[in-house]
Structures are given as structure tokens and as C-alpha cells.
Amino acid sequence: MLTEQYGPLQKKMFQIMDETGAILSPDLVPDRSEEEWLQSYKLMLKTRSADNKALQLQRQGRMLTYAPNTGQEAAQVGSAAAMEKGDWLVPAFRELGAWLSRGVDLERVYLYWYGNELGSQFPEDVRMLPISVPIASQLQHAVGVAMASNIKGESDVTVAYVGDGGTSIGDFSEALNFAGVFNAPVVFIIQNNQYAISVSRQKQTKAETLVQKAVAAGIPGILVDGNDLMAMYAATKEAIERARRGEGPTLIEAYTYRLGAHTTSDDPTKYREDEEVETWRDKDPVKRMKAYLIGKGVWSEEEDAKLIEEYDEEALEVFRKVEASGETKLEDIFKYHFREMPPHLQEQYEEYVQYLEEVE
Ligand SMILES: Cc1ncc(C[n+]2csc(CCOP(=O)(O)OP(=O)(O)O)c2C)c(N)n1
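Description of the structure in this document. What you see is a predicted model, and the numbers here were worked out from it, not measured in a lab.

1. Digging into the pattern of salt bridges
Taken as a whole and judged by the stated rule, the model has 23 salt bridges. Salt bridges here are not isolated pairs; linked through shared partners, they connect Arg 48, Glu 73 and Asp 284.

Right, here's the structure in full:
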């Protein structure tokens with residue numbers, strides 16, 4: 001069991017691949033074909049292209065806001081790749097690689113950041129809850145979804161994401177506790193990207209690691225190099241299989257770094273040094289997986305450059321579609337927040353309609 005070797009109290013970080021793409025532990029490499037690793041790599045690349053394009057568009061005043069994922073692609077794609085078709089994904093708001101891996105269209109994601117409510121509507125067969133910005137609130141829902149699978153006698157597992165900042169919120173501890181008590185088939189993934197906006201990980205908690213919070217809840221945990229696609233896949237797969245066997249929840253801390261800004265409204269140069277960012281650029285998850293695949297002879301620099309170009313163009317195409325049809329209507333905020341509009345919202349909506357009549 002990886003959680004025994006690399007459990008919270010072992011004070012070790014689980015890694016399979018080093019920063020150069022070299023395999024450190026050949027016996028721990030998950031049983032996947034080179035083609036499957038290549039597919040995951042392509043999803044990481046697609047995530048990065050979508051990120052870059054969204055940032056450009058936001059700077060041109062065409063995208064409302066955006067929360068970049070650059071640097072965190074392995075934590076997202078590696079964990080989602082370990083999920084089975086019927087498993088549930090419960091997101092926070094910075095897991096683009098995981099969403100794309102699960103079959104969410106980039107168009108939905110861009111619609112969301114464009115401010116359109118339809119960006120939260122996924123096809124029926126995509127088992128993902130809507131993006132959740134109220135920090136850590138999604139974790140209670142995740143436990144509920146997982147408990148429902150248990151009650152219905154279904155074998156689906158729920159994978160829920162949260163940031164390092166989210167671990168300081170009560171919902172996080174409550175969700176872990178509930179999951180443990182009710183043996184819910186849920187895997188919690190903390191993307192520890194070292195910052196909650198400007199609050200550094202050191203200021204977030206005096207605890208040495210975030211994963212040690214699993215000990216208090218009495219559930220297994222593992223600290224993983226979040227920039228190592230293989231390690232993230234292996235750790236998540238083990239946790240999902242444990243949950244599916246009826247052995248309850250796991251907490252995974254993916255140790256990673258947000259290379260970009262918190263959102264497009266943030267200026268990270270105000271609270272962190274360039275040198276720090278540079279050391280993390282050396283640990284870039286995309287770079288190391290690319291080196292691995294080129295080393296295996298299944299990928300090349302030429303194919304890489306060509307695919308990036310294709311993904312960049314595709315992202316722009318998708319955005320143009322969103323821009324052409326996805327204009328945000330204020331009334332959507334009233335209409336889609338609840339299934340049936342509660343009286344206080346009804347009142348505000350009527351006021352808004354009256355206002356529109358007056359100005360027209
Ligand atoms: C309950 C709540 N409080 C405050 C905020 C404002 N806020 C938005 S993002 C954020 C930081 C989140 O940091 P973290 O959980 O580490 O995730 P990251 O943004 O780094 O992915 C805060 C405080 C919020 N969205 N929800």
C-alpha cells in the first residue's frame with residue numbers, strides 16, 4: 001500500500017519520476033501503455049494551451065475573469081486519469097486538466113469564465129458537479145454524493161478537489177470527518193499550489209504537511225509530488241480502488257505550484273519572489289513528461305510544436321464561438337441559481353424586470 005509507505009506520518013513524498021523525466025522507481029510505474037501516457041500528456045498540453053489563450057483573451061478585455069492552471073496539470077490530469085466512467089468529479093475551480101480528462105468541453109469552461117451560466121451545464125454522461133468558488137463548500141457535497149452511491153448500492157467513487165487554503169475552512173474538516181465515519185467512497189485531493197491568493201502555505205497552517213490532517217480523521221493519506229503525472233495517477237488509482245472495495249476515503253496532498261496568477265485580477269509579484277517561481281519552472285510537469293516521452297521514442301519536439309499550435313488555434317476557435325453566442329444575461333443569475341426561484345430572489349428579479357422596463 002502506497003499510503004503505508006508514504007503515509008502522513010512517514011514524512012516522505014511519493015515520486016516516480018524526477019524533474020528531468022527520469023524514472024526513479026521502475027517497480028512503481030503504473031501498468032499503462034506508452035500510448036496511454038501520451039494521451040495524458042496531450043491533455044496536459046491542451047490544458048496549458050487553453051490557459052494561455054484564456055489569459056490573452058482576458059487581457060484583450062474579451063474574457064470576464066480566469067483562474068489559471070499552469071504548473072498544476074499533472075495533479076489534475078494524473079488524478080482524473082485514474083477515474084472510471086461512472087465516477088463523480090466534484091471540483092473547486094482550478095482543475096481544468098481534470099475536467100477536460102472527464103469529457104467536459106472547453107466551450108463549457110470558457111462559457112463559465114465568460115460569465116455565462118450555461119458553462120455549468122454538462123452533458124448527462126459527464127458526472128461532474130458545477131464549478132464551486134465558495135472555498136471548500138464542495139467537499140460536503142462530495143461526501144453526500146459518495147454516501148448516496150453507497151446507499152444506492154452503486155460502486156462509483158467520488159473524487160473531490162480543494163486548494164491548500166481550503167484546508168483551513170471548517171467544511172474541510174467536517175467533510176473528512178463525515179467521510180470517515182460513514183466510510184464514504186470519496187477521494188479528497190488537495191492541490192497544494194503553495195498559495196491561497198497572497199497567503200503562503202506557511203501562513204495557512206502550523207501543520208508540517210496538509211495531508212497529516214487525514215490522521216485526525218482516521219483515514220489514510222498520502223503526500224504526492226503533484227508535478228509527477230505517474231505518481232498522481234498511481235496514488236489516486238490506489239485510493240479509488242480502496243474506496244470501491246468499500247474501505248472508505250483517502251486524502252491526497254498533491255504538492256505543486258501555481259506558476260501563474262491566482263486569477264486575472266491578481267498580481268503575484270506583490271507577494272512572491274521571481275527566484276521562487278523560477279525554481280518551480282524547473283519542476284514543470286509538462287516539461288518532464290515531454291522529456292520522458294521523447295526519451296521513449298514515442299514523441300518528438302516537432303510533433304510537440306505542431307500540437308501546441310493546433311491546440312492554440314482550437315482554443316481560439318472555441319472562444320470565438322462563445323463570444324458569438326454566449327453573451328451573459330443578468331436574468332440568468334436569478335433563473336439558474338435554484339431549481340425554483342425562492343421568494344426573496346423572485347422579489348429582486350421583479351425589481352430588475354421593472355428597472356429594465358423603465359430604462360427601455
Ligand atoms: C468561503 C470563501 N471565502 C473566501 C473566498 C475568496 N477566495 C477566492 S479564491 C481564495 C483562495 C483559495 O485558495 P486555495 O484554496 O489555496 O485554492 P487556489 O486558489 O490556490 O487554487 C479565496 C480566499 C471564497 N471564494 N470563498
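Structure shown, so let's carry the discussion forward.
2. Thoughts on the packing of aromatic side chains
Under the criterion given, the structure shown has 15 aromatic pairs. Relative to Trp 280, the ring of Tyr 255 has its centre 5.9 Å away and its plane inclined at 40 degrees; by these criteria the two rings are tilted. On the criterion of sequence distance, the pair formed by Tyr 255 in strand β7 (residues 250-255) and Trp 280 in helix α11 (residues 274-281) is long-range, its members being 25 residues apart. Through successive ring pairs, a cluster of aromatic residues spans Tyr 195, Tyr 255, Tyr 257, Tyr 271 and Trp 280. Looking at Lys 12, its charged tip hangs above the ring of Tyr 6, at a distance of 5.2 Å from the centre. We note Lys 283 situated over the ring of Trp 280; from NZ or CZ to the ring centre the distance is 5.2 Å.

3. Considering the site of the ligand
With respect to spatial proximity, 14 residues lie near the ligand, and among them Arg 94, Gly 165, Gly 166, Asn 193 and Tyr 195 are the closest. Within the side chain of Asn 193, one N or O atom sits 3.0 Å away from an oxygen atom of the ligand. Contact between the ligand and His 262: an oxygen atom at 3.3 Å from a side-chain N or O atom of the residue. Calculation on the ligand without its partners gives an accessible area of 580 Å², and the protein chains cover 69% of this total. In terms of residue class, the shell around the ligand is made up of seven nonpolar, five polar and two charged.

4. A short note on the environment of Gln 354
Within the secondary structure layout, Gln 354 lies in helix α15 (residues 343-359). Separated by 163 residues in sequence, Gln 354 and Gln 191 place their C-alpha atoms 45 Å apart.

5. Remarks on the environment of Gly 218
Checked against the element boundaries, Gly 218 lands in the loop between α9 (213-217) and β6 (221-225). It is 23 Å that separates the C-alpha atoms of Gly 218 and Leu 89, two residues lying 129 residues apart in sequence.

6. As for the sheet that holds β7
Taking strand neighbours across the sheet as the criterion, the five strands line up as β1-β2-β3-β7-β6 in an open arrangement whose pairing is parallel. On the outer flanks of this sheet lie β1 (88-90) and β6, each paired with one strand and no other. In this sheet, adjacent strand axes meet at a mean angle of 20 degrees when their direction is disregarded. Summarising the sheet, strand β2 (residues 158-163) and strand β3 (residues 186-192) pair through six bridges and their orientation is parallel. Note on β3: the bridge partner recorded for Gly 163 is Gln 191. Sheet contacts for helix α3 (residues 73-81): β2, β3 and β7; angle to β2, the most-contacted strand, approximately 170 degrees.

7. Considerations on helix α5 (residues 106-113)
Think of an α-helix as 3.6 residues a turn; residues three or four steps apart then line up on the same face. Within α5, six of the eight residues are buried, which leaves the element mostly enclosed by the surrounding structure. Within α5, burial applies to Leu 106, Val 109, Tyr 110, Leu 111, Tyr 112 and Trp 113. Summarising the contacts, the buried residues of α5 are in contact with α2 (34-59), α4 (96-101) and α13 (301-325). Positive phi shows up at Gly 115, right after α5, with a value of about 95 degrees.

Reading the values: the criteria
Residues numbered from 1 in each chain as written. Predicted model: local features only at pLDDT ≥ 70, side-chain atom pairs only at ≥ 80, totals over all residues. Heavy atoms only, no water. Salt bridge = Lys/Arg side-chain N within 4 Å of Asp/Glu carboxyl O. Phe/Tyr/Trp six-rings, centres within 6.5 Å; stacked < 30°, edge-to-face > 60°. Helix = DSSP H or I, 4+ residues; strand = E, 2+ residues; numbered from the N terminus. Lys NZ or Arg CZ within 6 Å of the ring centre and 35° of its normal. Near = heavy atom within 4 Å. Polar contact = N/O pair within 3.5 Å; in protein donor to acceptor, adjacent residues only side chain to side chain. Areas by Shrake-Rupley, 256 points an atom, 1.4 Å probe, with all protein chains shown as cover. Nonpolar A, V, L, I, M, F, W, Y, C, P; charged D, E, K, R; others polar. Pairing = 2+ DSSP bridges. Axes fitted to C-alpha atoms, helices over the stretch in contact; angles between N-to-C directions. Contact = heavy atoms within 4.5 Å. Buried < 20%, exposed > 50% of the residue type's maximum accessible area, 1.4 Å probe, protein only.

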